[in-house]
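What the coordinates show
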Amino acid sequence: MTAAGTTLEPTQLRLLDAAERLIAAHGIDGVSLRTINAEAGSNVAAAHYHFGSKEGLVRAVLDRRMAVLAEQRYDMLAPLDDDAAPTPAQVAEVLVRPILALSGDEAGMHYVRFLAALDRSGGEWLHILDEAFAPQSARIRPVLARATPDLDDTRRDLRLGVAGSALLHLLAGADRHAAALGADDYRDEVVGIITSILTGPSAR
């Protein structure tokens, strides 16, 4: 098992890369530890030895890049923390820009598609994804509350969850969704879509 801040061994890095890549392509239930070990060029017990279980490996894949995303989002949130009336678009930018930038290279896109696979699978895997995002959500919620004062907490939390899922699947399918747009236009369109989810009229 690995702990936060621990230097990873080459075998561990190969296992994380293989798990991220395979789950991104085939979904969480379509990939076994045996397949991940084989893809990583490791012996049949390597993933279990280093990470304890499939869940332990999935959590390690999540944690490896999540801290970077969190730090970037916190930096963007800092000037909004004391803003009495941030805009929904500013909150959408916080959600979109760091993960959109991450998705700009092959390894980052594997991670985005890995996240989308966890989101799509639901159940315990979705719970694990939600746990990983929880510290960021806690920082975003009070800013979003000031940006959307007409929503109650239940609807606001629902929209934040839907926005997060929509963002993952938009970016995971960027080769399909962004085909007719340039990079800047696609970024602005994604920010607009997420803003619309956060601010659309409520049927009350």
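Residues numbered from 1 in each chain as written. Predicted model: local features only at pLDDT ≥ 70, side-chain atom pairs only at ≥ 80, totals over all residues. Heavy atoms only, no water.

This brings us to the overall build of the protein chain. Assigned secondary structure in the protein chain consists of 10 helices and 0 strands. Scanning the protein chain from its N terminus toward the C terminus, one meets helices and strands in the order α-α-α-α-α-α-α-α-α-α. Its C-alpha atoms give the protein chain a radius of gyration of 18 Å, within 12% of the compact-globule value 17 Å for 204 residues. In terms of overall dimensions, the protein chain has C-alpha extents of about 55 × 35 × 30 Å along its principal axes. For the protein chain, buried positions account for 42% of its 204 residues. (Helix = DSSP H or I, 4+ residues; strand = E, 2+ residues; numbered from the N terminus. Rg over C-alpha atoms; globule rule 2.2 N^0.38 Å. Buried < 20%, exposed > 50% of the residue type's maximum accessible area, 1.4 Å probe, protein only.)

Counted at 1.5 Å a residue, the expected span for helix 10 (residues 183–199) with its 17 residues is 24 Å, and the 24 Å between its end C-alpha atoms agrees. Burial in helix 10 covers these residues: Tyr 186, Arg 187, Val 190, Val 191, Ile 194, Thr 195 and Leu 198. Residues of helix 10 that are buried make contact with helix 5 (88–102), helix 7 (123–147), helix 8 (153–172) and helix 9 (174–177). (Expected span 1.5 Å × (residues − 1). Contact = heavy atoms within 4.5 Å.)

With that out of the way, let us pick up the side chain of Glu 20. With respect to the helices and strands, Glu 20 occurs in helix 1 (residues 10–26). With a relative accessible area of 2%, Glu 20 lands in the buried category. Those residues in contact with Glu 20, other than ones at most four positions away along the chain, are Val 61, Arg 64, Arg 65, Ala 107, His 110, Tyr 111 and Phe 114.

This brings us to the side chain of Gln 136. Counting through the fold element by element, Gln 136 comes out in helix 7. Other than its neighbours up to four places away in sequence, Gln 136 contacts Met 66, Leu 69, Ala 70, Arg 73 and Tyr 74.

A word on the confidence of the model for the protein chain. This prediction gives the protein chain a mean pLDDT of 92; 96% of its residues lie at or above 70. Residue range residues 1–5 is modelled with pLDDT below 50. Its contacts to residues more than four positions away, or to other chains, number 8 contacts. (pLDDT = per-residue confidence, 0-100.)

With that settled, consider the nonpolar core. Of all hydrophobic cores here, the largest spans 60 residues; its most connected members are Leu 62, Phe 114, Leu 115 and Ile 194. Only helix 1, helix 3 (46–51), helix 4 (54–77), helix 5, helix 6 (106–121), helix 7, helix 8 and helix 10 provide two or more residues apiece to this core. For Ile 194, the contacting residues outside a window of four places in its chain are Ala 92, Leu 95, Val 96, Ala 163, Ala 166 and Leu 167. (Core = buried A, V, L, I, M, F, W, Y, C linked by side-chain atoms within 4.5 Å.)

On inspection of all chains with the given rule, the structure shows 1 aromatic pair. With 6.0 Å between their ring centres and 25° between their planes, Tyr 111 and Phe 114 make a pair best called stacked. Of this pair, Tyr 111 and Phe 114 both sit in helix 6, separated by 3 residues, roughly a single helical turn. For the pair formed by Tyr 111 and Phe 114, the shared burial category is buried. (Phe/Tyr/Trp six-rings, centres within 6.5 Å; stacked < 30°, edge-to-face > 60°.)

Tallied over the entire structure, the rule returns 14 salt bridges. With its nearest N and O atoms 3.8 Å apart, the salt bridge here joins Arg 64 to Glu 20. One end of the pair, Arg 64, is in helix 4; the other, Glu 20, is in helix 1, with 44 residues separating them in the sequence. Here Asp 184 and Arg 187 are joined by a salt bridge, their closest N and O atoms 3.3 Å apart. Residue Asp 184 and its partner Arg 187 are located together in helix 10, separated by 3 residues, close to a single helical turn. (Salt bridge = Lys/Arg side-chain N within 4 Å of Asp/Glu carboxyl O.)

Attention shifts here to helix 6. Counted at 1.5 Å a residue, the expected span for helix 6 with its 16 residues is 22 Å, and the 22 Å between its end C-alpha atoms agrees. Of all the residues in helix 6, the buried ones are Gly 108, Met 109, Tyr 111, Val 112, Phe 114, Leu 115, Ala 116, Ala 117, Leu 118 and Asp 119. The inward-facing, buried residues of helix 6 abut helix 1, helix 4, helix 5, helix 7, helix 8 and helix 9. Looking at where helix 6 begins, the residue whose side-chain oxygen comes 3.3 Å from the main-chain nitrogen of Ala 107 is Asp 105. (Polar contact = N/O pair within 3.5 Å; in protein donor to acceptor, adjacent residues only side chain to side chain.)

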